[in-house]
Amino acid sequence: MTIAYVLMHSPLVGPSTWAPVAQRLPNALVPSFLHLADANPPFWPLIADTVAAAIAPLPPDTNLVLVAHSNAGRFMPVVVDAVNRPVHACVFIDASLPARQGPTEAVKPALLELVRRKAEAGRLPPWWQWWDEAEVAKLFPNPATMRAVCDEQPRLPLSFFEQQIPVAPGWDDRPCSYLMFGAEADDDKATDARERGWRVDHMSGSHLHQLVDPDAVAAMIRNVAKTPDRNRRGTSA
C-alpha cells in the first residue's frame, strides 16, 4: 500500500512550519494556504480545493494520511470530503478539533473577540505580532527559523475568522488520532478526542514542536499511519 502524507499548516502561519517534518516523511506534500490572504469568503472551499489539487497527480490508489496542525484541524472534514481518494487516517497535531455536529467556528469565541480588537481596516497583522515577541521566540529552535516562519505569515482578513465551516457526515469514519504538545499529558482537546474514541498521544513541547524536534514528530506520524487503531489509547513521550 502506497501512503502519501498531506501536511496541512494552520492558515494563520505558513507551509514552512511543516518543512522539516516533510523532509523526513516519504511522499509528503505541504499544500500552501497563503493565498487565502488575498481571497474573499467563503474560505473553507479554497482550503479543500487546494488540498485536492495538491494530491491530484498522485496515483489513484494512493492512501492519504491527512495531518493537520493547529487551526487546520477545523478544516479536516471538508478536506476529507474534497479529496475523493482513500483516506487511511486523519491526524491532528496540537490542533483544533471540528465540531461533532453542525458547523465548526473558525476560531473559539474568545479568540474571535481578540482578532476583532486587533483588526485594522478589516485585516489582521501577522500571527506572531499578536503576542509578546519574547514569548513567541520560545516556540522556535533558533532565531533563523523564527525569522523564516514569521516572514511568510499572512495578514488574513477578519472575515476568515468569522466564517463557519461545514462538517460533512461520515468524515471521521476512519481512524483518527490526536497528538498534543505540552508539559501536561492532557487538555480539553485530548479529552474530547478520547471521548470520540480516537487514539491520543502526548509529546512534551510547545505549539510549534514540529520545528523543534521534527524527527520525533515525523516518527510519531509514521507510527500512527502504521497502527491507526482508533480505539487504542496512545503514549506519552
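Everything here concerns the structure above.
Now for a description of the structure that goes with this document.

1. Here's the deal with the packing of helix 2 (residues 44–55) against helix 3 (residues 76–83)
Here comes step 1: As a packed pair, helix 2 and helix 3 sit with axes 9 Å apart at the nearest point and diverge in direction by 45°. Classified by the interaxial angle, the pair formed by helix 2 and helix 3 is oblique. Pair helix 2 / helix 3 crosses with right-handed handedness. Residue-level contacts link Trp-44, Ile-47, Ala-48, Val-51, Ala-52 and Ile-55 of helix 2 to Val-78, Val-79, Ala-82 and Val-83 of helix 3.
Here comes step 2: Classifying every residue of the contact of helix 2 with helix 3 by side-chain character gives ten nonpolar, no polar and no charged.

2. Looking at the pattern of salt bridges
Close approach of charged atoms allows side chains of opposite charge to pair.
Here comes step 1: Following the criterion strictly, the structure yields eight salt bridges and no others.
Here comes step 2: Note that Arg-100 is salt-bridged to Asp-192, the shortest N-O span being 2.6 Å. One end of the pair, Arg-100, is in the loop between strand 4 (87–93) and strand 5 (104–105); the other, Asp-192, is in helix 8 (residues 188–195), with 92 residues separating them in the sequence.
Here comes step 3: With a relative accessible area of 19%, Asp-192 lands in the buried category.
Here comes step 4: The residue Glu-195 makes a salt bridge to Arg-100 at a minimum N-O spacing of 3.0 Å. In this pair, Glu-195 sits in helix 8 while Arg-100 sits in the loop between strand 4 and strand 5, placing the two residues 95 residues apart along the sequence. The pair Glu-195 / Arg-100 is uniform in exposure class, with both members exposed.
Here comes step 5: Several salt bridges share partner residues, and in doing so they unite Arg-100, Asp-192, Glu-195 and Arg-196 into one network.

3. Considering the side chain of Asp-94
Here comes step 1: Tracing the chain through its elements places Asp-94 in the loop between strand 4 and strand 5.
Here comes step 2: Although Asp-94 is buried, it forms no salt bridge, and the closest oppositely charged side chain is Lys-189 at an N-O distance of 5.1 Å.
Here comes step 3: A polar side-chain atom of Asp-94 sits 2.6 Å from a polar atom in the side chain of His-207.
Here comes step 4: Apart from the residues lying within four places of it in its own chain, the contact partners of Asp-94 are His-69, Ser-70, Tyr-178, Leu-179, Met-180, Phe-181, Lys-189 and His-207.

4. Focus on the nonpolar core
Here comes step 1: In this structure, Met-8, Leu-66, Met-76, Phe-92, Phe-140, Phe-161 and Trp-171 are the most contacted members of the largest nonpolar core, which totals 58 residues.
Here comes step 2: The element best represented in this core is helix 3, accounting for five residues.
Here comes step 3: Excluding residues that lie within four positions of it along the chain, Phe-92 makes contacts with Ala-68, Gly-73, Met-76, Leu-97, Pro-98, Trp-171, Ser-177, Tyr-178, Leu-179 and Trp-198.
Here comes step 4: Listed in part, the 20 residues of the second largest apolar core include Ile-3, Tyr-5, Val-65 and Phe-181.

The rules behind these values
Residues numbered from 1 in each chain as written. Predicted model: local features only at pLDDT ≥ 70, side-chain atom pairs only at ≥ 80, totals over all residues. Heavy atoms only, no water. Axes fitted to C-alpha atoms, helices over the stretch in contact; angles between N-to-C directions. Helix = DSSP H or I, 4+ residues; strand = E, 2+ residues; numbered from the N terminus. Parallel < 35°, antiparallel > 145°, perpendicular 65-115°, else oblique. Left-handed = near helix turned anticlockwise from the far one by under 90°. Contact = heavy atoms within 4.5 Å. Nonpolar A, V, L, I, M, F, W, Y, C, P; charged D, E, K, R; others polar. Salt bridge = Lys/Arg side-chain N within 4 Å of Asp/Glu carboxyl O. Buried < 20%, exposed > 50% of the residue type's maximum accessible area, 1.4 Å probe, protein only. Lys, Arg positive; Asp, Glu negative; His and termini not counted. Polar contact = N/O pair within 3.5 Å; in protein donor to acceptor, adjacent residues only side chain to side chain. Core = buried A, V, L, I, M, F, W, Y, C linked by side-chain atoms within 4.5 Å.

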